[in-house]
Amino acid sequence: MIPAILPTYNRAPLNFVKGEGTWLIEADGRRFLDLGAGIAVNALGHAHPGLVAALTAQAETLWHVSNLYHIGPQEKLAEMLVAATFADTVFFTNSGTESCELAVKMARKYFFDAGQPERVEILTFSGSFHGRSAAGIAAAGSEKMTHGFGPLLPGFRHLPFGNHEALQGAIDDRTAAILVEPIQGEGGILPLPDVCLKGLRELCDANGILLILDEVQCGMGRTGKLFAHEWAGIAPDIMMVAKGIGGGFPLGAVLATEDAASGMTAGTHGSTYGGNPLACAVGCAVMEAVTAPGFLEEVTARAGQFRQGLEGLVAEYPSVFSAVRGSGLMLGIVCAAPNMDVVNAGYGAEVLMVPAADNVVRLLPPLNISEAEVAEALSRLRATAETVQAHAA
Ligand SMILES: *Cc1c(COP(=O)(O)O)cnc(C)c1O
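Residues numbered from 1 in each chain as written. Predicted model: local features only at pLDDT ≥ 70, side-chain atom pairs only at ≥ 80, totals over all residues. Heavy atoms only, no water.

### A word on the packing of aromatic side chains
Link 1 in the chain: Inspection of every chain in the model, using the stated rule, returns two aromatic pairs.
Link 2 in the chain: Centre to centre, the rings of Phe 16 and Phe 32 are 5.4 Å apart; their planes meet at 80°, and the pair counts as edge-to-face. Here Phe 16, found in strand β1 (residues 16-20), pairs with Phe 32, found in strand β3 (residues 31-34); they are 16 residues apart in sequence, far enough to count as distant.
Link 3 in the chain: Overall, Phe 16 belongs to the partly exposed group, its relative accessible area being 28%.
Link 4 in the chain: Both rings, one in Tyr 110 and one in Phe 111, keep their centres 5.0 Å apart while their planes meet at 90°; by these two values the pair is edge-to-face.
Link 5 in the chain: Residue classification places Phe 111 among the buried residues on the basis of a relative accessible area of 1%.
Link 6 in the chain: The ring of Phe 111 has Arg 119 lying over it, and the distance from NZ or CZ to the ring centre is 5.8 Å.
Link 7 in the chain: A cation sits over an aromatic face here: Lys 225 above Trp 231, 4.7 Å from the ring centre. (Phe/Tyr/Trp six-rings, centres within 6.5 Å; stacked < 30°, edge-to-face > 60°. Helix = DSSP H or I, 4+ residues; strand = E, 2+ residues; numbered from the N terminus. Buried < 20%, exposed > 50% of the residue type's maximum accessible area, 1.4 Å probe, protein only. Lys NZ or Arg CZ within 6 Å of the ring centre and 35° of its normal.)

In structure tokens:
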């Protein structure tokens, strides 16, 4: 018999009933160190007092009004994002995949209005992930996500990751945009080197096409900059955001330059819940925390501490771990043992990790993880490695 919940997830036998900062408490009382943070969602950890206060104050004032009217917290959050980024304008969604939908529509409308309606094609890369909507799965294109769900939304061309010749050869008079994650998340914490991101920007400029960045996972302070592309000193035309921006409350956004957004006039797009007062009040509190003086420097300091410890574990347990990669607090350990063995052994050591493609385990802790908690994480990861090594022997 089909369960009451549609069985699309492989769930671990864990049921968390409470969260406190970097900790999750299981129904049986065990305290787990949360290095997954809801897959880079709980950017400030669980039950952050500032976010709780922002949400409760908004809940007591106004939950929902339609985008038929002005929404104060939405305007405030948009202004904060515009002030802190390349963007001139913001549209709020409720998820990453909804941000993908708008990014695709915006790019197509841009060229339609520019008198080039044949420019509809968006170039994407193997291993990418852009969510589970029709546009999201068509954009990523992997067999795993698209099998059985045809016909797929047309207009995407999939290129091998890191192959410059293939990319240059793929741009023609039907190309509208390149869509890429600065660091692939689901694909296994695979960073696009800064020089490649610069190269993509130059290629887009040279061909008059748009650069769309998916910073749903790597954005909002995760790498030690507010957005990951800042490390390369470039800016996109359109950027998808979600996950960390709501700190655990459903919220996403599309950020864009005035030029790229020029086709999105009144009536061309909308959302019932997108930009609602509750989500935006929380979003403002997240932005205030992440852009506070010293916050991102602290992310970089914790990242250095974490990475150094992980390199030590890789050297010490070569039969379990083979390499560390990523940026800031978006870290991946390439495993020598099966990555699910590592994740499962982690449950025994009461530490939560997230698997990814390429036999990687992801470490995406809350950005405000403390120095002592990083030390505790390393000690629990050592215990995890001991278990996996003992089983393999
Ligand atoms: C999670 C993710 C998405 C999809 O976000 P949802 O909120 O699950 O729809 C899109 N792109 C990237 C890079 C992601 O990590």
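### Observations regarding the pairing of strand β10 (residues 210-214)
Link 1 in the chain: Where burial is concerned, most of β10 is hidden: five out of the five residues are buried.
Link 2 in the chain: Of the two faces of β10, the one carrying Leu 210, Ile 212 and Asp 214 and the one carrying Leu 211 and Leu 213 are both buried.
Link 3 in the chain: By the bridge criterion, four bridges tie strand β7 (residues 175-180) to β10 in an arrangement that is parallel. Each bridged residue has a counterpart across the sheet, and for Leu 179 the counterpart in β10 is Ile 212. (Pairing = 2+ DSSP bridges.)

### Concerning the site of the ligand
Link 1 in the chain: In the vicinity of the ligand, the contacting residues are Ser 95, Gly 96, Thr 97, Phe 129, His 130, Gly 131, Glu 181, Asp 214, Val 216, Gln 217 and Lys 243.
Link 2 in the chain: At 2.7 Å from a nitrogen atom of the ligand is found a side-chain nitrogen or oxygen belonging to Asp 214.
Link 3 in the chain: For the ligand, whose free accessible area comes to 380 Å², the fraction covered by protein is 82%.
Link 4 in the chain: For the shell around the ligand, the residue count by class is two nonpolar, six polar and three charged. (Near = heavy atom within 4 Å. Polar contact = N/O pair within 3.5 Å; in protein donor to acceptor, adjacent residues only side chain to side chain. Areas by Shrake-Rupley, 256 points an atom, 1.4 Å probe, with all protein chains shown as cover. Nonpolar A, V, L, I, M, F, W, Y, C, P; charged D, E, K, R; others polar.)

### Re the sheet that holds strand β16 (residues 354-356)
Link 1 in the chain: Spatially, the four strands line up as an open sheet ordered β13-β14-β17-β16, and their pairing is antiparallel. With one partner strand each, in any of the chains shown, β13 (321-327) and β16 form the two edges of the open sheet. Within the sheet, the average angular offset between the axes of one strand and its neighbour, ignoring direction, is 30°.
Link 2 in the chain: Across three bridges, the pairing between β16 and strand β17 (residues 360-363) is antiparallel. Within the sheet, the bridge partner assigned to Val 354 lies in β17 and is Arg 362. (Axes fitted to C-alpha atoms, helices over the stretch in contact; angles between N-to-C directions.)

Remember, this is a structural readout, not a statement about activity or role.
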